[in-house]
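Structural overview
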Amino acid sequence: MTRDDFPILKRTVHGKPWIYLDNAATTQKPQAVIDAVADFYRLHNSNVHRGAHTVSAEATAMYEASRETVKGFLNAASTDEIIFTKGTTDSINLVAASWGAKNLKAGDVVLITEMEHHANIVPWHMICERTGAILQWVPVLDDGTLDLDMASRMLTPQVKMFAFTHASNTTGAINPVRDLCAMARRQGITTLVDGAQAVAHLPVDVQDIGCDFYVFSGHKVYGPTGIGVLYGRYDVLLNMPPYQGGGAMIHTVSKSGITYLDPPQRFETGTPHVAGAVGLRVGLRVGFQVGQGVGLREALHEVLLEDLRSIDRLNLVGRPTEHLPIYSFVVRGVHSADIGMLLDEQGIAVRVGHHCTQPLLKRFGLDATVRASFAFYNTKEEADALVAGIRKAVKMLS
Amino acid sequence: MTIDETITQIADELAMFDDWEDRYAHIIAMGKKLDPMPPDHQTETYEVKGCQSKVWLHPSFDGEKIHFEADSDALIVKGLVAMLMRIYNHRTPKEILSVSGNFVERLGLTTHLSQNRANGLAAMMKQISMYALALSVAHGK
């Protein structure tokens, strides 16, 4: 799989070749994923798990084959531990509402970190409000990494859930997930790891990581939007009440009572995004290749960092040594929104704002940053164009 | 000059520039010439919501015309704010409310402004119209 497999990358914007550097927001899709989704609707579309006819059996087989692929991608122990959701946000809401409602009581602590995306903050805030549990935050150091000393100290017996990101969507900082989960496990604390950013760049082995829950979105790993994954250790899932109710997750429904199915079906109600799961399967193959090191361009990023640092008045937000190819920066005396506009004029797509990490930006005393995030299909020429584009924008705005 | 004539004048100015760099330089220059807004008016009360950067709009009414003070912490947006001020400042509420059509389109700026930014401008214009409406209802102007 190479850059040429991604048709949208041939686009132009404002008459210039499109340079797409907003991969942390969403990744582009290879023709194979586009074809998989289209072919599903063209040849195999039927409802799953319900029908008695041939094509519905085909659709069901394809859907379950995707589940099998996700299991392999994450190295889960069983396909019963793989739940398809709408995305990372949906997955976290599921755990907070279902696991949270059953396991949290007044005075319990839910521990998250200052670098979390709002998707891994708001659901916990909401369930804490409902149950009387308390939300606490592991602080972030000046270099953008997690304060591991504080983490260790804050993982007390009062903590029932430790939810943290595998890697930051703003600074790219990669957290030592294995160590953090081990620390938590020693205290009997349940863990949830937000893998939204990590899955496109790093190999993920949930058994090795030792987390109770792992979540990610299909569209951030070259798959379609509207589909995501919640991995949960089976014994944990088994003890969780249903999240949303409806068809497919029930065993029997009568006026005198309702019985529910076991996981994963218990948590997959209504007609699923079958086409999304089918597309995800293909996207994961790309993700798997990249995660195993195919397509990584270390040299590109070494040079890019040097070049960015050489721009006068440019400050990178956090500069961890272990990081994904995500670069957030501000230029002193220049508004990030202005830089974003002028980069767009030059055909360069970046993201401007708080990146759904308001607490993290506040910790660094910032309102908005410019964020450039790379995928394996971005080139050295594009990195160079970004640097030149920033220099030009800063010049025009000074 | 009527509001319509002002919009045409600005559209002509922008059409003079062949490339985007010069067009933006002109917008930025307009912003730099904007009268400064007193810091005590740059409060949350006068912040226009729905913009990527901070935009403040402070109205006052002398019985006939509305006088705006406006500012932004982003340079390009400040230029767009300055453009809006050339069009809408020191007008009667009725004049403001009688302007029809899409400001951004008429100035040929839609290709240069994404949805987000256009919405920021739209938010500003909506705010101006709301002030005009409120004052027109209160004073029959």
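Residues numbered from 1 in each chain as written. Chains lettered and ligands numbered in written order. Predicted model: local features only at pLDDT ≥ 70, side-chain atom pairs only at ≥ 80, totals over all residues. Heavy atoms only, no water.

1. Regarding a nonpolar patch on the surface
Together, Val 253, Ile 258 and Tyr 260 of chain A line one region of the surface with nonpolar side chains, adding up to about 300 Å² of accessible area. Along the chain, the position of Val 253 of chain A falls in strand E11 (residues 250-254). (Patch = residues over 30% accessible without salt bridge, like charges linked within 9 Å, V, L, I, M, F, W, Y side chains within 5 Å. Areas by Shrake-Rupley, 256 points an atom, 1.4 Å probe, with all protein chains shown as cover. Salt bridge = Lys/Arg side-chain N within 4 Å of Asp/Glu carboxyl O. Helix = DSSP H or I, 4+ residues; strand = E, 2+ residues; numbered from the N terminus.)

2. A word on the packing of aromatic side chains
Residues and elements named next belong to chain A. Summed over all chains, the structure comprises 14 aromatic pairs over all chains. Where Tyr 222 meets Phe 376, the ring centres are 5.6 Å apart and the plane angle is 80 degrees; that geometry is what we call edge-to-face. In this pair, Tyr 222 sits in the loop between strand E9 (213-217) and strand E10 (228-232) while Phe 376 sits in the loop between strand E17 (369-373) and helix H13 (380-396), placing the two residues 154 residues apart along the sequence. Residue classification places Tyr 222 among the buried positions, given a relative accessible area of 0%. Arranged with centres 5.5 Å apart and planes meeting at 55 degrees, the rings of Phe 376 and Tyr 377 form a pair that is tilted. For the pair formed by Phe 376 and Tyr 377, the shared burial category is buried. An aromatic cluster of at least three residues, connected via ring pairs, comprises Phe 6, Tyr 222, Phe 376 and Tyr 377. (Phe/Tyr/Trp six-rings, centres within 6.5 Å; stacked < 30°, edge-to-face > 60°. Buried < 20%, exposed > 50% of the residue type's maximum accessible area, 1.4 Å probe, protein only.)

3. Let's talk about the interface of chain A and chain B
Listed by partner, the interface residues are 17 residues for chain A and 17 residues for chain B. Buried area between chain A and chain B, summed over both chains or domains, comes out near 1400 Å², and the portion from carbon and sulfur atoms is 60%. Two residues, Glu 21 of chain B and Lys 392 of chain A, come together in a salt bridge whose shortest N-O distance is 2.5 Å. Where chain A packs against chain B, one counts 5 residue pairs in polar contact (both at pLDDT 80 or more). For the side of chain A that touches chain B, the secondary-structure elements that each account for two or more residues are helix H11 (336-345) and H13 of chain A. (Contact = heavy atoms within 4.5 Å. Buried area = accessible area lost by both parts, 1.4 Å probe. Polar contact = N/O pair within 3.5 Å; in protein donor to acceptor, adjacent residues only side chain to side chain.)

4. Here's the deal with the packing of H11 of chain A against H13 of chain A
All names here are of chain A. It is at 9 Å that the axes of H11 and H13 come closest, and there the two elements cross at 125 degrees. Considering their axes alone, H11 and H13 lie oblique with respect to each other. Every pair of crossing elements has a handedness; the one defined by H11 and H13 is right-handed. Residues Ile 339, Leu 342 and Leu 343 of H11 lie in contact with H13, whose contacting residues are Leu 386, Gly 389, Ile 390, Ala 393 and Met 396. The residue inventory of the contact of H11 with H13, partitioned by class, reads 7 nonpolar, 1 polar and no charged. (Axes fitted to C-alpha atoms, helices over the stretch in contact; angles between N-to-C directions. Parallel < 35°, antiparallel > 145°, perpendicular 65-115°, else oblique. Left-handed = near helix turned anticlockwise from the far one by under 90°. Nonpolar A, V, L, I, M, F, W, Y, C, P; charged D, E, K, R; others polar.)

5. Structural notes on the pattern of salt bridges
Residues and elements named next belong to chain A. Applying the stated criterion across every chain, the model contains 19 salt bridges over all chains. Ionic pairing is found between Arg 351 and Asp 22, a salt bridge with its closest N-O pair at 3.4 Å. In this pair, Arg 351 is assigned in strand E16 (residues 351-353) and Asp 22 in the loop between strand E3 (19-20) and helix H1 (31-44), connecting sequence segments 329 residues apart. In this structure Arg 351 comes out as partly exposed when scored by relative accessible area, which is 34%. We classify Asp 22 as buried; its relative accessible area is 8%. Lys 380 is the salt-bridge partner of Asp 384, the closest N and O atoms lying 2.9 Å from each other.

6. Structural notes on the sheet that holds strand E4 (residues 82-85) of chain A
Residues and elements named next belong to chain A. Spatially, E4-E10-E9-E8-E7-E5-E6 is the arrangement adopted by the 7 strands of the open sheet, whose pairing is mixed. Each edge of the sheet is formed by a strand with only one pairing partner; in this case those strands are E4 and strand E6 (134-138). Averaged over all pairs of adjacent strands, the angle between strand axes in this sheet comes to 20 degrees, irrespective of strand direction. Pairing analysis gives 5 bridges linking E9 to E10, with the strands arranged antiparallel. Across the sheet, the residue bridging to Ser 217 is Gly 228, located in E10. Strands in contact with helix H3 (residues 88-103) are E4, strand E7 (159-165), strand E8 (190-194), E9 and E10; relative to E9, the strand with the most contacts, it is inclined by about 155 degrees. (Pairing = 2+ DSSP bridges.)

7. Focus: the sheet that holds E16 of chain A
Within a beta sheet, neighbouring strands are joined by backbone hydrogen bonds and run either parallel or antiparallel to one another. Residue and element names in this part refer to chain A. A sheet is described by the order of its strands in space; here 4 strands give the open sequence E13-E14-E17-E16, paired in antiparallel fashion. Each end of this open sheet is capped by a strand with a single partner; those strands are strand E13 (314-316) and E16. Neighbour to neighbour, the strand axes of the sheet diverge by 30 degrees on average, direction disregarded. Running over the sheet, H11 touches strand E14 (326-331), E16 and E17 and is turned about 40 degrees from E17.

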